[in-house]
Amino acid sequence: MSGHGAHVENGIWMRAVMMGGILLTIGVLLFATLGVAMADVKHDTWAELEDDYHHEETVLAAQDNISAHDAKELEHLHHEVEQAHLSYLSYRVSGITILLMSIAYASFIGVGGFLNASKSNADDDHGDDHGDEYGGDHHGSASPIIFAFGIMLFLAGFPDFVIACKALLNASVTADLGMLTLSLVGLLTIVIAVSNWWFEDLPFTGAGEQIATSYPFEGEHIRKAGLWVFIMSEIMVFATFFSSYLRMRTEWCTDWAIRDGVEACKDVPEGTVVTASDLLRYDFATLLPGAINTFALIISSYTIVLALKTARNTKWEAPTGFMGKLMPTRKAAIRNYLIATLMLGSLFIVLKLVEWSHLVAEGFDIGTVQGSIFYIATGAHGLHVFIGLLVMLYLVFKADTVGFDEDNAQGIEYFGLYWHFVDLAWVVIFPAFYLY
Amino acid sequence: MGEHVEFMGKDIYFWNFLVLMFFTLFEVGAVFYDTVPGTDIAITKMTVWIILIVVGIVKGFGIAAFFMHLKDDPRIYTRTALFPVLFVILMLWGIGLSNPAGVTDLPSWCTPNWDYAETR
């Protein structure tokens, strides 16, 4: 964006730093509650049940004859141990995930805000509203190129970045600090580029939106056309995951295929090929995180639509009752709808990692072909959600400071297109990987 | 924008949201039951497959047409969104459904004979 429009004091960016601090505080508090206090209680329960199980097992092993009743009791106890372990994992993983996410949120919005607050005031550059219907005088932005350069640096050092992360956890692994530094420089470059992007976008009030002047998008907003072309490429990315999954899936003699009497699988014993859906779909408790995530994404799609609708509604009136207290003004309503979207998206990531931890605990890891395609496809989708959440942090910040209205609501609209696409991808992934 | 079209005092986004929620509940419910609740009618693997595909199409249409505004936006956006579909179909057919070791009774047109690749 060229940044035509509103006068924005640089000091306002300190609110982004404050927002980062609030997010970090919430993250630490939730980690202390869920990931430490609650997880410790669950761990004690798990340890007690495991002791009981081993004691019972030893007692029964000493007996000559084990009655069917005792065997059933032992099996029941074993099931309870497993459930207690999964319960412990749920709290522990959700606490750690929330902490890591809040650190990522805080550093992203906080560092970006700090960098922008440190800049000299941009009155001369952005204070004048001189755009015309077709965009008028535009200044090109270097941010996308810097951003792409940052990604290149980050990815160049990424394999060693992963090894370095392992080295932090395991002293026997040696990290290549040179490549790690390259990755970190890449990350910093990305943050600088994004913060510069924000700096250019924040004063944007809608004047000077660039319009395409040639076929086939003539008369359309260039940013919107660009976003649709981006979504087009994303469709291809997810199609590659789905087609490779389909190719492998048609080859597997899953329990379902065996029970359904598929001829080629008649001599294959059940349990030979275990997919994620075999572990997830038969039990309400195991399917619950995926199902909640599906509803969370649909609700978040609706809340972002409500944010856009509210921004464009010049005749907006505050609702009555409890909702009126939550949304006393149009500005507050837009911000709160965006916060709701942010929270639902964050819930998605937390539940996704809780679900992964359960699958890994049950032995379904990335070491198998089934595990590999499952974790890569759902992980790529989760990454898209997470990147969307980082962008949403800025939207929340802008909604809270400069604000959105009928003239500059494009930011919400274009982000909404991306967010709906992420929802759309889940519409395919969820039934294919969880239900089928 | 779809908020101008109202039904029973609510805009199209609200109804689209409800339809999406209902169909999600329906597809999750479909995999839980071996028989149609209250009857002896078995829910086969093929039935679940059909339900998942139909529900996926309905939900995909709801999100793309109403939430992504393709229904009201200029046609060029719909064409842009549909452009990769040809390649997606080719990938699903040429890669996804062409496994010669496929065990699920795929029809011959999607399990081509790969002998030429081995004997060439």
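Provided above is the structure to which this section pertains.
Residues numbered from 1 in each chain as written. Chains lettered and ligands numbered in written order. Predicted model: local features only at pLDDT ≥ 70, side-chain atom pairs only at ≥ 80, totals over all residues. Heavy atoms only, no water.

An account of the overall build of chain B is needed here, citing residue identities and associated values.
Broken down by element type, chain B carries 5 helices and 2 strands. Overall, chain B shows an N-to-C arrangement of helices and strands of β-β-α-α-α-α-α. Split into buried and exposed, the 120 residues of chain B put 38% on the buried side. Accessible surface computed for chain B: about 7,300 Å², of which carbon and sulfur atoms make up 71%. (Helix = DSSP H or I, 4+ residues; strand = E, 2+ residues; numbered from the N terminus. Buried < 20%, exposed > 50% of the residue type's maximum accessible area, 1.4 Å probe, protein only. Areas by Shrake-Rupley, 256 points an atom, 1.4 Å probe, with all protein chains shown as cover.)

Explain unusual backbone geometry to me, using residue names and the numbers behind them.
Cis geometry is adopted by the peptide bond preceding Pro216(A), which originates at Tyr215(A) and carries an omega value of 5°. The topology assignment puts Pro216(A) in the loop between helix 6 (177–201) and helix 7 (222–249).

So what's going on with the packing of aromatic side chains? Which residues, and what values?
Per the stated rule, a full pass over the model turns up 37 aromatic pairs over all chains. With 6.2 Å between their ring centres and 15° between their planes, Tyr105(A) and Phe386(A) make a pair best called stacked. One end of the pair, Tyr105(A), is in helix 2 (residues 68–117); the other, Phe386(A), is in helix 13 (residues 369–400), with 281 residues separating them in the sequence. Neither Tyr105(A) nor Phe386(A) differs from the other in exposure class; each is buried. Taking the centre distance of 5.8 Å and the plane angle of 25° together, the rings of Phe415(A) and Trp419(A) count as stacked. Separated by 4 residues within a single helix, Phe415(A) and Trp419(A) lie in helix 14 (residues 410–435), roughly one turn from each other. An identical accessibility class is assigned to Phe415(A) and Trp419(A); each is buried. The ring of Phe199(A) is capped by Lys119(A), whose NZ or CZ atom sits 4.2 Å from the centre of that ring. We note Lys10(B) situated over the ring of Phe14(B); from NZ or CZ to the ring centre the distance is 5.2 Å. (Phe/Tyr/Trp six-rings, centres within 6.5 Å; stacked < 30°, edge-to-face > 60°. Lys NZ or Arg CZ within 6 Å of the ring centre and 35° of its normal.)

Which residues make up the packing of helix 12 (residues 330–361) of chain A against helix 13 of chain A, and what values go with them?
Residues and elements named next belong to chain A. One can describe the packing of helix 12 onto helix 13 by two numbers: an axis separation of 9 Å at closest approach and a directional angle of 155°. Classified by the interaxial angle, the pair formed by helix 12 and helix 13 is roughly antiparallel. You can see that helix 12 and helix 13 cross each other, and the crossing is left-handed. Split by residue class, the contact of helix 12 with helix 13 holds 19 nonpolar, 7 polar and 5 charged. (Axes fitted to C-alpha atoms, helices over the stretch in contact; angles between N-to-C directions. Parallel < 35°, antiparallel > 145°, perpendicular 65-115°, else oblique. Left-handed = near helix turned anticlockwise from the far one by under 90°. Nonpolar A, V, L, I, M, F, W, Y, C, P; charged D, E, K, R; others polar.)

Before we move on, can you summarise the environment of Trp197(A) with the specific residues and values?
Residues and elements named next belong to chain A. With respect to the helices and strands, the residue Trp197 is situated in helix 6. Through-space distance from the C-alpha of Trp197 to that of Ile66 is 71 Å; in sequence the pair is 131 residues apart. Apart from the residues lying within four places of it in its own chain, the contact partners of Trp197 are Ser143, Pro144 and Phe147. (Contact = heavy atoms within 4.5 Å.)

Talk me through the interface of chain A and chain B; I want residue IDs and the actual numbers.
If you look at the interface, chain A gives 55 residues, while chain B gives 49 residues. If you look at where chain A meets chain B, you find 2 salt bridges. A salt bridge links Asp73(B) to Lys224(A), with the shortest nitrogen-to-oxygen separation between them at 2.7 Å. At the junction of chain A with chain B, the criterion picks out 5 residue pairs in polar contact (both at pLDDT 80 or more). Those elements giving two or more residues to the side of chain A that touches chain B turn out to be helix 7, helix 8 (255–259), helix 10 (284–312) and helix 14 of chain A. With 14 residues, helix 7 of chain A is the single largest residue contributor to the side of chain A that touches chain B. Looking at side-chain class alone, the side of chain A that touches chain B contains 37 nonpolar, 7 polar and 11 charged residues. (Salt bridge = Lys/Arg side-chain N within 4 Å of Asp/Glu carboxyl O. Polar contact = N/O pair within 3.5 Å; in protein donor to acceptor, adjacent residues only side chain to side chain.)

Describe a negative patch on the surface, listing the residues and the values that go with them.
Residues and elements named next belong to chain A. Together, Asp40, Asp44, Glu48, Asp51, Asp52, Glu56 and Glu73 line one region of the surface with negative charge. Tallying contributions element by element places helix 1 (residues 14–62) first for the negative patch, with 6 residues. Along the polypeptide, Asp44 turns up in helix 1. (Patch = residues over 30% accessible without salt bridge, like charges linked within 9 Å, V, L, I, M, F, W, Y side chains within 5 Å. Lys, Arg positive; Asp, Glu negative; His and termini not counted. Charge placed at Lys NZ, Arg CZ, Asp CG, Glu CD.)

Can you break down the packing of helix 14 of chain A against helix 1 (residues 12–32) of chain B residue by residue, with the values?
At a closest axis distance of 12 Å, the pairing of helix 14 of chain A and helix 1 of chain B adopts a crossing angle of 10°. By the criterion of interaxial angle, the relationship of helix 14 of chain A to helix 1 of chain B is roughly parallel. Where helix 14 of chain A abuts helix 1 of chain B, its residues Phe430(A), Pro431(A) and Leu435(A) lie against Glu27(B), Val28(B) and Val31(B). Within the contact of helix 14 of chain A with helix 1 of chain B, the residues separate by chemical class into 5 nonpolar, no polar and 1 charged.

Tell me what's going on with helix 4 (residues 143–156) of chain A, and back it up with residues and numbers.
An α-helix turns once per 3.6 residues; consequently, residues spaced three or four apart project the same way. Residue and element names in this part refer to chain A. The terminal C-alpha atoms of helix 4 lie 20 Å apart, and with 14 residues this matches the ideal 20 Å at 1.5 Å per residue to within 8%. When helix 4 is considered as a whole, its buried residues turn out to be Ser143, Gly150, Leu153 and Phe154. Projected down its long axis, helix 4 carries its buried residues within an arc of 100°, all on one side. Looking at helix 4, the residues exposed on the side facing more than 90 degrees away from the buried face are Ile145 and Leu155. (Expected span 1.5 Å × (residues − 1). Arc of directions from axis to C-beta.)

Quick rundown of the nonpolar core? Include the residues and the values.
All names here are of chain A. Counting 112 residues, the largest nonpolar core has Leu338, Leu389, Phe433 and Tyr434 as its most contacted members. Looking at this core element by element, the count peaks at 17 residues for helix 14. Beyond its immediate sequence surroundings of up to four residues, Leu389 is in contact with Met101, Tyr105, Thr341, Leu342, Gly345, Ser346, Ile349 and Trp419. (Core = buried A, V, L, I, M, F, W, Y, C linked by side-chain atoms within 4.5 Å.)

Lay out the state of the cysteines with the relevant residues and their values.
Residues and elements named next belong to chain A. Within this structure, the stated rule accounts for 1 disulfide over all chains. Cys253 shares a disulfide with Cys265; S-S distance 2.1 Å. For the disulfide bridge between Cys253 and Cys265, the dihedral angle about the S-S bond is near -85°, and by the sign convention the bridge is left-handed. You can see Cys253 sitting in the loop between helix 7 and helix 8 and its partner Cys265 sitting in the loop between helix 8 and helix 9 (276–280), a full 12 residues away along the chain. (Disulfide = S-S within 2.5 Å.)

Can you break down helix 4 (residues 85–96) of chain B residue by residue, with the values?
Every buried residue of helix 4 of chain B is listed here: Val88(B), Met91(B) and Gly96(B). The arc enclosing the buried residues of helix 4 of chain B, seen along the axis, measures out at 70°, which places them on a common side. Opposite the buried face of helix 4 of chain B, by more than 90 degrees, sit the exposed residues Leu86(B) and Ile89(B). At its buried positions, helix 4 of chain B is contacted by helix 7 of chain A.

Keep in mind these values describe shape, not function.
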